[in-house]
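Analysis of the macromolecular model
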Amino acid sequence: MPTSSASTTDSTKSSSSSGGVQSLERAFDLLERMADAGGEVGLSELSVSSGLPLPTIHRLMRTLVVCGYVRQQSNRRYALGPRLIRLGESASRLLGTWARPYLARLVEETGETANMALLDGDEIVYVAQVPSKHSMRMFTEVGRRVLPHSTGVGKALLADLPADEVRALLSRTGMPAATDKTITTPDGFLAALAEVRDLGYAVDDNEQEIGVRCLAVSVPDSPTAAAISISGPAGRVTEAATERIVPVLQQVAAELSEALANTGS
């Protein structure tokens, strides 16, 4: 973590070089730091992590409170506010819209239903889908929420998190069995995540629904944790099909990542 003087200097350089407004950059930086900390922090914690002086943070937080993007708790700590929910929902829908052409390409090249999902708190939420053209195909409603431990996208999204964070998430959600193949122990799930890191992709093998296999990869450098996947009958998404499908998934994820980066520039 940079020192206070270094962080402040870097922020000043960033604002002057980009032509941005320093107070806006600082406010958004504080919101992101709050999100990284779990949504609730104290002013002293923000000062340490950001390198900004307490009076500056207090002024910025007071403005964010007035606007409804932050709220002050009874314990004098600050929490992310309800107005951010509307922004997040709209951004999720837009992210799904941007992803649809890439999902459509996945369907064309793999023949299976393509999905995009985000990690929202402790849950996986599906934000976009393009269905397969097969008469027998998988369908997941956009907006559906599931627990990460029984899905390919969940494994892809959690694979790079520290083990203690994964264990904490699993302790909050529990690990109910959707099928008799669902992983239901933290150690078993952490072993599955290690396999994801080794292989470069995640598999849901009848773990969410019997007869269905899914292959998933994370979208690198996405502005929010995102993954794309294909899902289809286990009789079609075989081990042989996996060798053909995974490189396509990885290529499309890389191209989607680049497109999202360009959108933000």
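Presented here is a report on the structure given in the accompanying data block. These figures come from a predicted structure and were not determined experimentally.

As for the overall build of the chain
Counting its regular elements, the chain contains 9 helices and 9 strands. The buried share of the chain, taken over its 265 residues, is 42%. Taking contacts inside the chain between residues at least 6 apart in sequence as the whole, the part at least 24 apart equals 56%. For the chain, the computed accessible surface area is about 13,700 Å², with 54% contributed by carbon and sulfur atoms.

Observations concerning a nonpolar patch on the surface
Residues Val 21, Leu 24 and Phe 28 make up a contiguous nonpolar surface patch of roughly 300 Å² in combined accessible area. The topology assignment puts Phe 28 in helix H2 (residues 22-36).

Things to note about the pattern of salt bridges
Throughout the structure, instances matching the rule amount to 15 salt bridges. Salt-bridge contacts for Arg 145 lead to Asp 120; the nearest nitrogen and oxygen are separated by 2.6 Å. Here the residue Arg 145 occupies a position in strand E6 (residues 145-146), and Asp 120 occupies one in strand E4 (residues 113-120), the gap between them amounting to 25 residues. Sharing partners across several salt bridges, the network here consists of Lys 181, Asp 205, Arg 213 and Glu 239.

Some thoughts on the sheet that holds strand E2 (residues 70-72)
Strand pairing within a sheet occurs via backbone hydrogen bonds; the two strands may be parallel or antiparallel. With respect to topology, 3 strands assemble into an open sheet ordered E1-E3-E2, the strand pairing being antiparallel. Each edge of the open sheet carries a strand with a single partner, namely strand E1 (40-41) and E2. Looking at chain direction, E1 and strand E3 (residues 78-80) are connected through 2 bridges and run antiparallel. In the strand pairing of E3, Val 41 is matched with Tyr 78.

Let's talk about the side chain of Ser 222
Looking at where Ser 222 falls in the secondary structure, it is placed in the loop between strand E8 (212-218) and strand E9 (226-233). On the basis of relative accessibility, which here comes to 16%, the residue Ser 222 falls in the buried class.

A short note on the sheet that holds E9
The antiparallel open sheet is built from 6 strands, whose spatial order is E6-E5-E4-E9-E8-E7. Two strands bound the open sheet, and with one partner strand each, they are E6 and strand E7 (202-205). As paired elements, E4 and E9 share 6 bridges and run antiparallel to each other. From the neighbouring strand, Ala 114 faces E9, where its bridge partner is Ile 230.

Quick notes on helix H7 (residues 163-173)
Two residues of an α-helix separated by three or four positions point the same way, owing to the 3.6 residues in each turn. Taken together, the buried positions of H7 are occupied by Val 166, Leu 169, Leu 170 and Thr 173. Projected down its long axis, H7 shows its buried positions confined to an angular sector of 95°, all on one face. Turned more than 90 degrees away from the buried face of H7 sit Asp 164, Ser 171 and Arg 172, all of them exposed. Looking at the buried side of H7, the elements it contacts are helix H6 (152-158) and helix H8 (186-199). Two residues or fewer past H7, Gly 174 is found with a positive phi of approximately 75°.

Each value, and the rule that gives it
- Residues numbered from 1 in each chain as written.
- Predicted model: local features only at pLDDT ≥ 70, side-chain atom pairs only at ≥ 80, totals over all residues.
- Heavy atoms only, no water.
- Helix = DSSP H or I, 4+ residues; strand = E, 2+ residues; numbered from the N terminus.
- Buried < 20%, exposed > 50% of the residue type's maximum accessible area, 1.4 Å probe, protein only.
- Contact = heavy atoms within 4.5 Å.
- Areas by Shrake-Rupley, 256 points an atom, 1.4 Å probe, with all protein chains shown as cover.
- Patch = residues over 30% accessible without salt bridge, like charges linked within 9 Å, V, L, I, M, F, W, Y side chains within 5 Å.
- Salt bridge = Lys/Arg side-chain N within 4 Å of Asp/Glu carboxyl O.
- Pairing = 2+ DSSP bridges.
- Arc of directions from axis to C-beta.

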